[in-house]
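Working through the structure, step by step
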Amino acid sequence: MSLVFNALVWGLSWWPLRQLQLAGLHPLWATMLFFAAGAVLLVLWRPSVVGQVLRQPALLALGCVAGLTNASFNWGVSIGDVVRVVLLFYLMPLWAALLAWVLLKETLTWQAGVRMGIALCGAMLVLKPEGQGWPTLHSAAEVLGLLGGFGFALTNVLLRQQASQPVAMRAFAMFSGCTLLPGALALGLSQAGVVAAWPAWSWSWGGLVLAMSGVFVVANLALQYGAGHLPVRLTSVLMLTEVIFASGSSVLWGGAALTGNVMAGGALIVLAALLAAVGERDAA
């Protein structure tokens, strides 16, 4: 249930992010605030973690990648078609296989090649305009979905590289990265006029930010607990329920329409992810 709760939070996160954007708080600012609570709690619990992480370049890289991942995903689902963005995000097995081959020197098996091919076919269907020609990226939101999925895969690879590091250090690296990088992006892009500047305080967005900060902290703890107590295969499958939550909620609340291409492509992407989960079990 803990992993399903985590997937539910992320699958429904597009709605509060859009409400915050309507209230004047850009998703990058919102992402910064969501994860600041977790970073502060970790520092209060273990103050030495700051210096420990700063002395580990690999953990700093992990934080930056995690920050980029969350900034991309949250921005993408806030401005684009939620279903398409989430499905493109879940091309993660494709990127994970390539990154594990390059960074972890894992063998790129024929089974991984098949999964990558299935995922690519799914992506082509998702990106193909209904009744038109070649697949294309239609919007910045779709680019952000792809970037977020790549970042998520790289985050997982880096976590495997740093598996020997204490959990508190890895968690602080990720929470601080998800606070500082989106904040830095928001500051730079707001000065360039690309995103909205920091708004004046208002309970119209402040109360929701406080609530969502608590929800994201609990969701992260649920993920850590579930991933630590369940087999990798089951963890990967349960995380895919995010696609169901995101798709269903966007159709019910956001007026999204599921076209044939999107449903067929989504089925292939989910199939590739399920095959990747089975492959992890067999490898274990």
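Residues numbered from 1 in each chain as written. Predicted model: local features only at pLDDT ≥ 70, side-chain atom pairs only at ≥ 80, totals over all residues. Heavy atoms only, no water.

Concerning the packing of aromatic side chains
Taken as a whole and assessed by the stated rule, the structure comprises 14 aromatic pairs. The interplanar angle of 25° and the centroid separation of 6.5 Å between the aromatic rings of Trp10 and Phe35 together place this pair among those described as stacked. Of this pair, Trp10 sits in helix H1 (residues 2–12) while Phe35 sits in helix H3 (residues 27–45); the two residues are 25 residues apart in sequence, bridging distant segments of the chain. Judged by centre distance (5.6 Å) and plane angle (75°), the rings of Trp95 and Phe150 are edge-to-face. With a gap of 55 residues between them, Trp95 in helix H7 (residues 92–103) and Phe150 in helix H9 (residues 140–161) connect regions that are remote in the sequence. In this arrangement the basic side chain of Arg46 is found over the ring face of Trp45, its NZ or CZ atom lying 4.3 Å from the centre. (Phe/Tyr/Trp six-rings, centres within 6.5 Å; stacked < 30°, edge-to-face > 60°. Helix = DSSP H or I, 4+ residues; strand = E, 2+ residues; numbered from the N terminus. Lys NZ or Arg CZ within 6 Å of the ring centre and 35° of its normal.)

Some thoughts on the packing of helix H2 (residues 14–22) against H3
At a minimum axis separation of 9 Å, H2 and H3 run at an interaxial angle of 120°. The orientation of H2 with respect to H3, classified from their angle, is oblique. Viewed along their axes, H2 and H3 form a crossing whose handedness is right-handed. In this structure, H2 contributes Leu17, Leu20 and Gln21 to the contact, and H3 contributes Pro27, Ala30 and Phe34. Each residue belonging to the contact of H2 with H3 can be placed in one class, and the counts come to 5 nonpolar, 1 polar and no charged. (Axes fitted to C-alpha atoms, helices over the stretch in contact; angles between N-to-C directions. Parallel < 35°, antiparallel > 145°, perpendicular 65-115°, else oblique. Left-handed = near helix turned anticlockwise from the far one by under 90°. Contact = heavy atoms within 4.5 Å. Nonpolar A, V, L, I, M, F, W, Y, C, P; charged D, E, K, R; others polar.)

Some thoughts on the nonpolar core
Grouped together as the largest cluster of nonpolar side chains are 73 residues, with contacts concentrated most on Leu25, Phe34, Val86 and Tyr90. Sort the elements by how many residues they give to this core and H3 lands first, with 9 residues. (Core = buried A, V, L, I, M, F, W, Y, C linked by side-chain atoms within 4.5 Å. Buried < 20%, exposed > 50% of the residue type's maximum accessible area, 1.4 Å probe, protein only.)

Let's talk about a nonpolar patch on the surface
Together, Phe5, Leu8, Val215 and Val218 line one region of the surface with nonpolar side chains, adding up to about 270 Å² of accessible area. Among the secondary structure elements, those contributing two or more residues to the nonpolar patch are H1 and helix H11 (203–229). Here Leu8 is to be found in helix H1. (Patch = residues over 30% accessible without salt bridge, like charges linked within 9 Å, V, L, I, M, F, W, Y side chains within 5 Å. Areas by Shrake-Rupley, 256 points an atom, 1.4 Å probe, with all protein chains shown as cover. Salt bridge = Lys/Arg side-chain N within 4 Å of Asp/Glu carboxyl O.)

Quick word on the pattern of salt bridges
Side chains carrying opposite charge are able to pair once their charged atoms draw close together. Within this structure, the stated rule accounts for 1 salt bridge. Between Arg84 and Glu142 there is a salt bridge; the shortest N-O distance is 2.6 Å. Residue Arg84 is found in helix H6 (residues 82–89), and its partner Glu142 is found in helix H9; the two are separated by 58 residues along the sequence.

Description of helix H13 (residues 241–254)
Taking 1.5 Å as the rise per residue, H13 with 14 residues should run 20 Å; its terminal C-alpha atoms sit 19 Å apart, in good agreement. Burial in H13 covers these residues: Thr241, Glu242, Val243, Ala246, Ser247, Ser249 and Ser250. (Expected span 1.5 Å × (residues − 1).)

It is worth stressing that arrangement in space is one thing and function is another; only the former is reported here.
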